[in-house]
Amino acid sequence: MKRLPCWSGWRKDNPVYSVQTRIFTLDPQNPDPAVIVQAAERLHADGLVAFPTETVYGLGANAFSAVAVGRIFEVKKRPFYDPVIVHLSDISQIEQVARDIPSLAYELAQAYWPGPLTLVLKKGPQVAPNVSAGLDTVAVRMPNHRIPLALVETSGLPVAAPSANLFTRPSPTSARHVLEDLNGHVDIILDGGDCPIGLESTILDLTASPPTVLRHGGLDLDLLRERIPHLQIARRYVQTDEGLPMSAPGMLAKHYSPKAPLLLFTAQTDAALTRLRDLASALAGRGFKVGVMTTMEDARHFSDLNLEIADLGSAADLPQIGRRLFAQMRRLDSLRVDVILVRAPAQEGLGLTIWDRLFRAAEGKVFDLDKPLEAEEIISLLVKKEE
């Protein structure tokens, strides 16, 4: 398969798309139609519009315009081989962007749209080739949020939109996060407040036999299994240096990453927290500014140490942890920590999605707290990365 260039439009004589960014604050339940019209006009002019969804903020462009979609890749510095999702406002629009649509697609759309489920289908001829990294498939979904639904409906366009952040950075769950990464490179930011789920959609490939989940997300897999008993789960973590088209967004091994190295830890025993505390203390003692992302219940084990604590909420409330995950990564980055320590949740239900995001943020490096930790070995890894 042909390797694709890393960045679309990356040439010294072709500067990255730059504009004066305007921000509009909207009621997420009743967005101002006049503002939505302005945003729709920018889409028709091949501009970029960032908007909230129930999952994360998206960076939207006209899915029929290769020029507009190319600007998404330019401003995000996103690899050209990483496809983007097309957003719809009505089930009937599937036919505008896909072909040879299986009946199962309509059944799932009726059941779970609008909502955090993305379907991979055969791509229709109108969709710009760079939406799908040149492949013959397209990922589509209908967000469960009035602002993007109004934008798609008003513009009359399907909207291609990955997360509205710089490539590999933690996904944006507020307009402030979008501004941090893309100020001056997006025409309009529609501020609809914080995203209620905070984790990206589940991606289901209906061109595969049997249907295959390519990315864990906001829709519980048990719901899909009720309708697809033979559902398959694909766990492929693509390296950025492969340069080959991917079948869906969000499959890269390094993704959702804070600036500071994130170290992910697993554990089953009661000794785990003591070992993690000892490691945090050792790192702080060696001059590292340490951030710990932890549950409310576990935070007390670190309260007497000189650390930056990022509270993810109660261990019993996985939806709350999901909502806070990316925002807390960004907060620790703003505090300029040198390293972030995280104990992984159980890989069950929504915990599978949280695990997936943390695994990618940690670039696949996982340490077992049930075994004695060699603090010096971890310190040497951090020092080597800094060099």
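Residues numbered from 1 in each chain as written. Predicted model: local features only at pLDDT ≥ 70, side-chain atom pairs only at ≥ 80, totals over all residues. Heavy atoms only, no water.

Student: For the nonpolar core, give the residues involved together with the corresponding values.
Tutor: Membership of the largest hydrophobic core comes to 51 residues, with the highest contact counts inside it found for Leu 108, Trp 113, Leu 119, Leu 204 and Leu 224. Among the elements of the structure, β3 (58-62), α2 (66-76), α3 (94-97), α4 (103-112), β6 (117-123), β7 (137-141), α6 (175-182) and α7 (221-227) are those that each provide at least two residues to this core. Contact partners of Leu 108, with chain neighbours within four places excluded, come to Trp 113, Leu 117, Leu 119, Leu 204, Leu 206, Leu 224, Arg 227 and Ile 228. Ranked by size, the runner-up nonpolar core spans 23 residues in total, among them Tyr 256, Leu 264, Phe 326 and Val 337. (Core = buried A, V, L, I, M, F, W, Y, C linked by side-chain atoms within 4.5 Å. Buried < 20%, exposed > 50% of the residue type's maximum accessible area, 1.4 Å probe, protein only. Helix = DSSP H or I, 4+ residues; strand = E, 2+ residues; numbered from the N terminus. Contact = heavy atoms within 4.5 Å.)

Student: Give me the pattern of salt bridges: which residues, what numbers.
Tutor: Under the criterion given, the structure shown has 17 salt bridges. One salt bridge in this structure joins Arg 225 and Asp 222, with 3.3 Å as the shortest N-O distance. A residue pair is termed a helical-turn pair when its members lie 3 or 4 positions apart in one helix, as Arg 225 and Asp 222 do in helix α7 at three residues. Of the charged contacts, one joins Asp 298 and Arg 343 as a salt bridge, the two residues approaching to 3.7 Å between their closest N and O atoms. Taken together, the residues span a long stretch of sequence, with Asp 298 in helix α9 (residues 296-299) and Arg 343 in strand β16 (residues 339-343) at a distance of 45 residues. (Salt bridge = Lys/Arg side-chain N within 4 Å of Asp/Glu carboxyl O.)

Student: Describe in detail the layout of surface pockets, supporting the description with residues and values.
Tutor: There is about 500 Å³ of room inside the largest pocket. If you go around the largest pocket, you meet 24 residues; those closest to its centre are Thr 295, Arg 343, Ala 344, Pro 345 and Ala 346. The leading source of residues in the lining of the largest pocket is helix α11 (residues 350-361), at three residues. For the lining of the largest pocket, the per-class residue count stands at 16 nonpolar, five polar and three charged. (1 Å grid on protein atoms, 1.4 Å probe; cavity = no way out; pocket = protein on both sides within 12 Å on 5 of 7 lines; lining within 4 Å. Points joined across faces, edges and corners; volume = space filled by probe spheres on them. Nonpolar A, V, L, I, M, F, W, Y, C, P; charged D, E, K, R; others polar.)

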